[in-house]
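Understanding the architecture of this molecule
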Amino acid sequence: MSARCRQTLSWWLIRAQFRSRRAATLLSMLAIALGVALGYAIHLINDAALADFARAMKSVQGDPDAVIAARDSAGSVPLATLNEIARDPAVLVVAAVIETRVRIDNARTPVTLIGLDLFSAAAVMPKLLPRQDPQAATGNILAGGIYASPALLGQLGLRAGATLTLVRGAQQWRTTIAGDLPAARPDELLLVADIAWVQEHFGPADAVSEGRVRLAPDTDLESWRSGLAQRLPAGLLVRAAEDDSARVSNLSRAYRVNLNVLALVALLTGAFLVFATQLTAVAQRSTQFALLGVLGLSPRMRLLQVLLEGLAIGAPGAMLGLALGYALAVAFTHVLGGDLGGGYFSGSAPLIVPALVPALVFLALGCLASLAGACYPAYLNRMQPLAQALKTGFAQGPAAGETARSRLPLLPLLLAPAAFALTQLPPLRELPIGGYAAIALVLVVGIASAPLLTQLVFGWLSERPLPAPQRIALQNVAQAPLMAQVAASGLIVSFALTASMVIMVSSFRVAVDHWLDHVLPAPLYLRSKATPLPQELLAALQQPDAPFARIERMANEALTIDPQRPKVALLVRELERRNPAARLPFTGPLLEPPADMPVVWISEPMAEIYRLAPGQTLQLPLLGRTVEVFIGGVWRDYARQFGAIAISRDDYLQLGGDFQPTDLALWPLPGKETAADAWLAPWSTRYGLEVADSAAIRQLSLSIFDKSFAVTYALEAAAMLIGLFGLAVTLAASVWLRARELATLGALGFDRRMLSRAVMLEGALIAVVGLLIGLACGVAIGAILTHVVNPQAFHWRMSLDIPWTAVLAGALLTLAAAVVASHYAARQATRLPVAQVLASAQ
Amino acid sequence: MLTVTDLAKRHRRARRPLFSALDFSVAAGEIVALVGESGVGKSTLLNCIAGLETADSGSIAIGPQALDIVRLDESARAALRARSIGFVFQAFHVLPTLTVAQNIGVPLLLCGIPTSEHPARTQALLDGVGLAGFGPRWPASLSGGELQRVAIARALVHRPALILADEPTGNLDPRTADEVLALLLERVREQQTSALVVTHSQHVAQCCDRTLTLTPDGLR
Ligand SMILES: Nc1ncnc2c1ncn2[C@@H]1O[C@H](COP(=O)(O)OP(=O)(O)OP(=O)(O)O)[C@@H](O)[C@H]1O
Ligand SMILES: [Mg+2]
């Protein structure tokens, strides 16, 4: 048989197959497309966001060989240190930079102001070089002129020559726009000025934010950096460009992996649909394939043909998925930003650029999924005994099935403890691999226990005295256990995944809700974005006419503990050393600190990322030095995934810190709520401050929460539809396989209604088995997601909270849908005229 | 063209062998009728000859090269069937998802004959079985007699050395059965092909060159 002929025959059969089973084929194709689209979209978006970040980083920071910076946001790099480093013969240039956030004329959102030295910046950060505007009459950069990025100029509607006031806390600087930044990126909001002028207005005089170093070309970067790191004072660190990209990638890694697992689930359900479609296709065409075998189609070709048909579903599906994934990526970045609502990157819409290799990888994944789905049907087709298949049709499994069946109950019993053991494993490379594997095992256990439960349910029922149609339904399942099994496993998988997601999200939401209760004790909150609150306001609040019963101030700083990880938040709050639990939701014991030592209370993520426990001490990079602090306890925090440290204002001041509040919690005097709002209003307009009551913050937090699970909800719906469709396809096929038998019954005097009721009962019974197991698996997987995956991937701990009404309502809805699906299957089968079915020999 | 030597077959779990020590041959161009009581093993014998079931012992030499199908592996058997054997069943077995012409084209593809040569050969056979113009039609729209003619065309189109027919007229009314049988024998004679025809009909047996009777004790 030549290759050409083989192709022609394959093509004839594939075309015939597509023509006769359009709906099933199309839906399998769509499921594969969905999986590929999702995975590919996540990849594209993340790639674009990372590239975007790297570009932004390069344009603002330039491309230095090393960056010297303070470990905490309140700290700074002394100029003396930079001067000393500059004396190192390996160093070509050290560019001192001050980076700070200022508001322009009291606009609400602050922009970045970069103070640099023109000559050193030319060597390290060419993208930040300003261009003097010839029209601007006022002074150049050395004379105190300021330069704005084109985007900022556009946003402000200003041109060179305009004057503006820069505000940071109580300090103000009135200056003139002297030109623009021609190399700034089109979406960058940026101001550049000479470093001396920035120092003069916003201080400090003898220190800067960062020193950016260019080394001589023949220097070994790695060893120079590590040598310097040894010599640097405790509060400083040396950072490389790789650290920045690693940090950004770490930022959204767990979230991305989680979404990728969801994409994988979609791909797997696609594989399942291909499986259901191809299995029924093989069953329906068993006599045809047997005939082809008699005519001389080799066994290898009978195997290949089914695989090819799977591929014929998967390849176009994957192709469609790529297109869909691209469209999704573009749409999502515009609607939700570069993090799919995860909140990790700033709200820019990065440019999506597809590359060939990843596209090919995702194409291959889609094809692999469809091939995997077609494997077992292909094997069954290869093993069909020809003479027998011609005579009586599809044989449900290889002859060895009887011994395998007796071993089946053992499988779930063996796998369940294995799944439990997997949940006890620590995270692998900070990812909950054990948890994910346990989820897969739970699904396998569920599918493997389906025959057991089927036997129990149907065995019990068949001993009851039942009317004839019901008895027939039971016998049907007993005679076609494979089909019943396939239909049930589709439902088990889809219902388990959906229920588990519902359980996890609901547990999480309840936990966030409780947590918000605890962390938002005040009725009113006020904050300034990143710049300290004006002294004037703080002083006014102390006056007796301020309508507040109580005011708590707090400052937010940030610390770098590991340059490859996102920064840790340092919350300086008015806490009592003896009673921090009044404000922080502690999860464990609260330890009494030694009297002579400052105490901090760390958040749960902090404890897990850095493996810390109460009672230990921590070397905290603070205020340019390292301070030993006592860890007094661990509190729950769902807001800062990368860790937070709370310290009392008194301890902070005692350590020499400068307490500059950025946030206020306000308790208005009873009955004076509206007066309080009115009192705050002028301040908030004048200084661009945000005022929100706790109900609004709570609502916003929950809506952000819901938004970040939007993708999950969409997938749940898709999973349920796929499961139901799998049930309909397999039921229809198993009924079709028995069309002759049903017609015979029809000829014996059963009417169509009775037959159709029997088929519906069969579908309902299968659905009940699937839903019962699916529910059990769903609770198990929900528990794994809540207690293993969430803490390991995101460091979020919470207790399990099963929304029984929602889950049971979902189960009932699915059951109803299953009955409708089997009604459709029954109609298909009983619509054929009895005589025709009986007359046709196949 | 077909030589069966010392053939024995016992079904799994059956108490006694269905047949043993069968010896017979069918010469080139010879048409042999195989008769016998129901359940005596005629279909099983045919299946063994076609390699669909495996004989326990003995040999079955088929075609000009006298390949022993008992000793071949599964894919070699399939290849031998594709080249040298044409099969006609009581239950027609025409593929419902392919057109009549495509159905007849399948054995040509399996023999490696390119599609460009199909129309001429298919046409000739359709004319030969009296179905000129039926090529583009779907099997569902054909009568039983017509379907069996398609099956006959399909069995002959690749000019096999041996035709195996298992009660080819069993599903047809007497008049159609006569017509179809006459057609089958005529085409087989025309192509100088050997044939083994299982039948319960005295009339069919008489039309063949020779009759073999299978009994529980062996061939008569
Ligand atoms: N796969 C099998 N396993 C066990 N026994 C079988 C198998 N196939 C056939 N038999 C038995 O072998 C015997 C011969 O069957 P076969 O189909 O060859 O009979 P036959 O001569 O063609 O009958 P008929 O004229 O009714 O078609 C029968 O008794 C049958 O029960
Ligand atoms: Mg027979």
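Rules of the game
- Residues numbered from 1 in each chain as written.
- Chains lettered and ligands numbered in written order.
- Predicted model: local features only at pLDDT ≥ 70, side-chain atom pairs only at ≥ 80, totals over all residues.
- Heavy atoms only, no water.
- Helix = DSSP H or I, 4+ residues; strand = E, 2+ residues; numbered from the N terminus.
- Rg over C-alpha atoms; globule rule 2.2 N^0.38 Å.
- Buried < 20%, exposed > 50% of the residue type's maximum accessible area, 1.4 Å probe, protein only.
- Areas by Shrake-Rupley, 256 points an atom, 1.4 Å probe, with all protein chains shown as cover.
- pLDDT = per-residue confidence, 0-100.
- Contact = heavy atoms within 4.5 Å.
- Pairing = 2+ DSSP bridges.
- Axes fitted to C-alpha atoms, helices over the stretch in contact; angles between N-to-C directions.
- Near = heavy atom within 4 Å.
- Polar contact = N/O pair within 3.5 Å; in protein donor to acceptor, adjacent residues only side chain to side chain.
- Nonpolar A, V, L, I, M, F, W, Y, C, P; charged D, E, K, R; others polar.
- Salt bridge = Lys/Arg side-chain N within 4 Å of Asp/Glu carboxyl O.
- Buried area = accessible area lost by both parts, 1.4 Å probe.
- Disulfide = S-S within 2.5 Å.
- Patch = residues over 30% accessible without salt bridge, like charges linked within 9 Å, V, L, I, M, F, W, Y side chains within 5 Å.
- Arc of directions from axis to C-beta.
- Core = buried A, V, L, I, M, F, W, Y, C linked by side-chain atoms within 4.5 Å.
- Parallel < 35°, antiparallel > 145°, perpendicular 65-115°, else oblique.
- Left-handed = near helix turned anticlockwise from the far one by under 90°.

1. Quick notes on the overall build of chain B
When helices and strands are tallied, chain B shows seven helices and ten strands. Relative to its length of 220 residues, chain B is compact, with a C-alpha radius of gyration of 17 Å against a globular reference of 17 Å. Looking at chain B as a whole, 57% of its 220 residues qualify as buried. Surface accessibility of chain B: about 9200 Å² in total, with carbon and sulfur atoms responsible for 49%.

2. With respect to the overall build of chain A
In terms of helices and strands, chain A carries 27 helices and 21 strands. Taking all 842 residues of chain A together, 55% fall into the buried category.

3. Details of the confidence of the model for chain A
Residues and elements named next belong to chain A. Counting all residues, the mean pLDDT for chain A is 81, and 88% of those residues have values of 70 or more. With pLDDT under 50 throughout, residues 340-347 is counted as low confidence; its partners more than four residues away or in other chains account for 22 contacts. This model gives residues 398-406 a pLDDT under 50, and the stretch forms four contacts once residues within four places in sequence are excluded.

4. A few points about the sheet that holds strand 8 (residues 194-198) of chain B
Residues and elements named next belong to chain B. One open sheet holds the six strands; their spatial order is 6-7-8-3-9-10, and the pairing between them is mixed. This sheet does not close on itself; its edge strands, each paired only once, are strand 6 (85-88) and strand 10 (218-219). Taken strand by strand, helix 5 (residues 144-156) contacts strand 6 and strand 7 (162-166), and its axis lies near 170 degrees from that of strand 6. In this fold helix 6 (residues 174-190) packs onto strand 3 (31-36), strand 7 and strand 8, with an angle of close to 140 degrees to the strand it touches most, strand 3.

5. What to know about the site of ligand 1
All names here are of chain B. Close to ligand 1 lie His 11, Leu 18, Ser 38, Gly 39, Val 40, Gly 41, Lys 42, Ser 43, Thr 44, Glu 167 and His 200. Within the backbone of Gly 41, a nitrogen or oxygen atom sits 2.9 Å from an oxygen atom of ligand 1. For the shell around ligand 1, the class distribution of residues is two nonpolar, seven polar and two charged.

6. Details of unusual backbone geometry
As a rule of thumb, non-glycine residues mostly have phi less than zero, and peptide bonds are mostly trans rather than cis. Residues and elements named next belong to chain B. The phi torsion at His 93 lies on the positive side, around 55 degrees, for a residue other than glycine. With respect to the helices and strands, His 93 occurs in the loop between strand 6 and helix 3 (100-110). Not every positive phi belongs to a glycine, and Gln 192 is a case in point at roughly 60 degrees. Within the element layout of this structure, Gln 192 appears in the loop between helix 6 and strand 8.

7. So, the pattern of salt bridges
Tallied over the entire structure, the rule returns 31 salt bridges over all chains. Put simply, Glu 30 of chain B and Arg 210 of chain B hold a salt bridge, and the shortest N to O gap is 2.7 Å. Here Arg 210 of chain B lies in strand 9 (residues 210-215) and Glu 30 of chain B lies in the loop between strand 2 (19-26) and strand 3, a separation of 180 residues in the sequence. For Glu 30 of chain B, a relative accessible area of 16% translates into the label buried. Here Glu 179 of chain B ties to Arg 175 of chain B by a salt bridge, and the two come within 3.6 Å at their closest N and O atoms. Of this pair, Glu 179 of chain B and Arg 175 of chain B both sit in helix 6, four residues apart, roughly one helical turn. Taking the relative accessible area as the measure of exposure, Arg 175 of chain B reaches 64% and is therefore exposed. The structure contains a network of salt bridges with shared partners spanning Glu 99, Glu 210, Arg 212 and Arg 239 of chain A.

8. With respect to the interface of chain A and chain B
Taken together, the contacts link 28 residues of chain A with 30 residues of chain B. Interface area, chain A with chain B, both sides summed: about 2600 Å², of which 70% is carbon and sulfur. For the pair chain A and chain B, the interface holds two salt bridges. Arg 382 of chain A is the partner of Glu 74 of chain B in a salt bridge, and the nearest nitrogen-oxygen pair spans 3.3 Å. Inspection of the region where chain A meets chain B yields four residue pairs in polar contact (both at pLDDT 80 or more). Put simply, the parts of the chain that give the side of chain A that touches chain B at least two residues each are helix 1 (3-20), helix 9 (286-295), helix 10 (299-336) and helix 12 (386-392) of chain A. Looking at the side of chain A that touches chain B element by element, the count peaks at nine residues for helix 1 of chain A. The residue inventory of the side of chain A that touches chain B, partitioned by class, reads 15 nonpolar, eight polar and five charged.

9. Some remarks on the pairing of strand 13 (residues 524-527) of chain A
All names here are of chain A. Judged from the four bridges that link them, strand 13 and strand 20 (residues 663-668) form a sheet pairing that is antiparallel. Pairing of Arg 527 across the sheet is with Asp 663, part of strand 20. Sheet analysis places strand 13 next to strand 21 (residues 690-693), joined by four bridges and oriented antiparallel. Bridge assignment links Leu 526 to a residue of strand 21, and that residue is Val 691.

10. Describing the state of the cysteines
One pass over the full model with this rule turns up zero disulfides over all chains. With no disulfide partner, Cys 367 of chain A has as its closest neighbouring cysteine sulfur the one in Cys 375 of chain A, 13 Å distant.

11. So, the side chain of Glu 210 of chain A
Residue and element names in this part refer to chain A. Here Glu 210 lies in strand 11 (residues 210-215). The buried category is assigned to Glu 210, whose relative accessible area is 11%. Of note is the side chain of Glu 210, whose polar atom sits 3.4 Å from the side chain of Arg 239.

12. Notes on a nonpolar patch on the surface
Taken together, the side chains of Leu 356, Val 357, Leu 360, Val 361, Leu 365 and Leu 368 of chain A present a nonpolar region at the surface, about 570 Å² in accessible area. The residue Val 361 of chain A is located in helix 11 (residues 356-383) in this model.

13. Let's talk about helix 3 (residues 79-86) of chain A
All names here are of chain A. Those residues of helix 3 lying buried are Thr 81, Leu 82 and Ile 85. Buried residues in helix 3, looked at end-on, bunch into an arc of 95 degrees, giving them a common side. Among the exposed residues of helix 3, those pointing more than 90 degrees away from its buried face are Ala 80 and Glu 84.

14. A word on the nonpolar core
Leu 2, Ile 49 and Ile 60 of chain B are the most contacted members of the largest nonpolar core, which totals 78 residues. With eight residues, helix 2 (residues 22-61) of chain A is the single largest residue contributor to this core. Those residues within four positions of Ile 60 of chain B in sequence are excluded, and the remaining contacts are Leu 2, Thr 3, Val 4, Leu 7, Cys 48, Ile 49, Leu 67, Asp 68, Ile 69 and Val 70 of chain B.

15. Quick notes on the sheet that holds strand 21 of chain A
Residue and element names in this part refer to chain A. Taken in spatial order, the nine strands line up as 17-18-16-19-15-14-20-13-21 in an open sheet, and their pairing is mixed. In this open sheet, the two edge strands, each paired with only one partner strand, are strand 17 (617-622) and strand 21. Strand after strand, the sheet turns through a mean of 30 degrees between neighbouring axes, direction not considered. Bridge count for strand 16 (residues 599-603) against strand 19 (residues 644-648) is three bridges, and the pairing is antiparallel. Residue pairing for strand 19: Trp 601 is matched across the bridge by Ala 646. Across the sheet, helix 21 (residues 673-687) lies against strand 13, strand 14 (548-559), strand 20 and strand 21, angled at about 5 degrees from strand 13, the strand it touches most.

16. Looking at the pairing of strand 4 (residues 57-62) of chain B
All names here are of chain B. When strand 1 (residues 2-9) meets strand 4, the two strands line up antiparallel, connected through five bridges. Looking across to strand 4, one finds that Ala 8 is bridged to Ser 57. For strand 4 and strand 5 (residues 67-68), the ladder comprises two bridges, and the chain directions are antiparallel. Across the sheet, residue Ile 62 finds its bridge partner in strand 5, namely Leu 67. Count of turn residues in the strand 4/strand 5 antiparallel hairpin: four residues, of which Gly 63 carries a positive phi of about 80 degrees.

17. Considerations on the packing of helix 14 (residues 410-423) of chain A against helix 15 (residues 433-462) of chain A
Residue and element names in this part refer to chain A. Two elements in contact, helix 14 and helix 15, have axes separated by 8 Å at closest approach and are oriented at 165 degrees. Judged by the angle between their axes, helix 14 and helix 15 are roughly antiparallel. Crossing handedness for the pair helix 14 and helix 15: left-handed. Within the contact between the two elements, helix 14 uses Leu 411, Pro 412, Leu 415, Ala 416, Ala 418, Ala 419, Leu 422 and Thr 423 and helix 15 uses Gly 434, Gly 435, Ala 437, Ala 438, Leu 441, Val 442, Val 444, Val 445, Ala 448 and Ser 449.

18. Focus on helix 6 (residues 195-202) of chain A
Residue and element names in this part refer to chain A. Where helix 6 is concerned, the buried positions are Ile 195, Val 198, Gln 199 and Phe 202. Take helix 6 and look down its axis: the buried residues cluster within an arc of 100 degrees, on one side only. Its side-chain oxygen 3.1 Å from the backbone nitrogen of Ala 196, Asp 194 forms the N-cap of helix 6.

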